[in-house]
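Structural description and commentary
If you want the building blocks of each chain, they are given just below.
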Amino acid sequence: MAVAALEPNRLTPSLDANADVALAAAGDRGAFERLYRTNVDRVFSLCARMVGDRGRAEELTQDVFVRAWEKLHLYRGESAFSTWLHRLAVNVVLNDRKTDGRGRKRDGGGDEVVDTLPSLPTAPGDRMDLEAAIAKLPPGARRVFLLHDVQGYKHEEIAEMLGVTSGGSKAQLHRARMLLREALSR
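The shown structure was predicted, so the numbers you read here are calculated from the model rather than taken from an experiment.

Reading the values: rules and limits
Residues numbered from 1 in each chain as written. Predicted model: local features only at pLDDT ≥ 70, side-chain atom pairs only at ≥ 80, totals over all residues. Heavy atoms only, no water. Helix = DSSP H or I, 4+ residues; strand = E, 2+ residues; numbered from the N terminus. Buried < 20%, exposed > 50% of the residue type's maximum accessible area, 1.4 Å probe, protein only. Areas by Shrake-Rupley, 256 points an atom, 1.4 Å probe, with all protein chains shown as cover. Contact = heavy atoms within 4.5 Å. Salt bridge = Lys/Arg side-chain N within 4 Å of Asp/Glu carboxyl O. Core = buried A, V, L, I, M, F, W, Y, C linked by side-chain atoms within 4.5 Å.

Of regular secondary structure, the protein possesses nine helices and zero strands. Seen in sequence order, the protein has helices and strands lined up from the N terminus as α-α-α-α-α-α-α-α-α. Relative to its full complement of 186 residues, the protein shows a buried share of 37%. Total accessible area on the protein stands at roughly 10900 Å², and carbon and sulfur atoms take up 53% of it.

Mapped onto the secondary structure, Met50 falls in helix H3 (residues 29-51). Under the relative-accessibility criterion, Met50 is labelled buried at 4%. Residues Met50 and Leu94, spaced 44 residues apart in sequence, show a C-alpha to C-alpha distance of 8.8 Å.

Structurally, Ser169 can be placed in helix H9 (residues 166-184). Once you skip the residues sitting within four places of it in the chain, Ser169 turns out to touch Val144, His155, Ile158 and Val164.

Before going further, it helps to examine the side chain of Asn39. Within the secondary structure layout, Asn39 lies in helix H3. Residue classification places Asn39 among the buried positions, given a relative accessible area of 10%. Ignoring any residue separated from it by four or fewer positions in sequence, one finds Asn39 in contact with Phe65, Phe81, Ser82 and Leu85.

Right, let's talk about the pattern of salt bridges for a bit. Side chains that carry opposite charge are capable of pairing whenever their charged atoms lie near each other. Within this structure, the stated rule accounts for seven salt bridges. Between Asp96 and Arg56 there is a salt bridge, and its shortest N-O distance comes to 2.3 Å. Residue Asp96 is found in helix H5 (residues 81-99), and its partner Arg56 is found in helix H4 (residues 54-71); the two are separated by 40 residues along the sequence. Across this residue pair, the class does not change: Asp96 and Arg56 are buried. Linked through salt bridges whose partners overlap, the residues forming this network are Arg56, Glu59 and Asp96.

With that settled, consider the nonpolar core. Within the largest apolar cluster, 26 residues are counted, with the highest numbers of intra-cluster contacts made by Val64, Phe81, Trp84 and Leu85. Counting only elements with at least two residues in this core, the list comes to helix H2 (17-25), H3, H4 and H5. In terms of residue count, H5 provides more of this core than any other element does, nine residues in total. When residues no more than four places from it in sequence are discounted, the contact partners of Phe81 are Val21, Leu35, Asn39, Leu72 and Tyr75.

Printed below as a string of structure tokens:
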């Protein structure tokens, strides 16, 4: 029993994701498993919101992690691993939509991210008003609002995900908040 207590728990998330990424890229399956367990719920949530089908979301979540295993050598560490994985998940879902004939025409890229994020819990009437107001936001402002204010991403991470500058992300967030304030005060 004392031996088992000294043996490290392989399922405990690592304190240093970059160390696990480096180990996993070198073939360490235990390190990849820690990365998987740390990130699987967030990736699944993203996939489920984008496709609206739990079973399909489970399949896509697995696809994301298979792709992550194959592409770990491409991760450069310029952003958080979770940001890189989020972008990979968005790409996997979008590619699935294209392949499956469910693709949507994109104007400026990344509009599908809007479908990935939950709204804040409020009273039913207020929730409908807020959701309607968010849905009426211009696409860029809506994406940044949801990523920043709902999901909690930093402007630098949003900029990387959407291919904009962090200043552009801040401007879009300000625009979104002003438009929401105006729409909800009517």
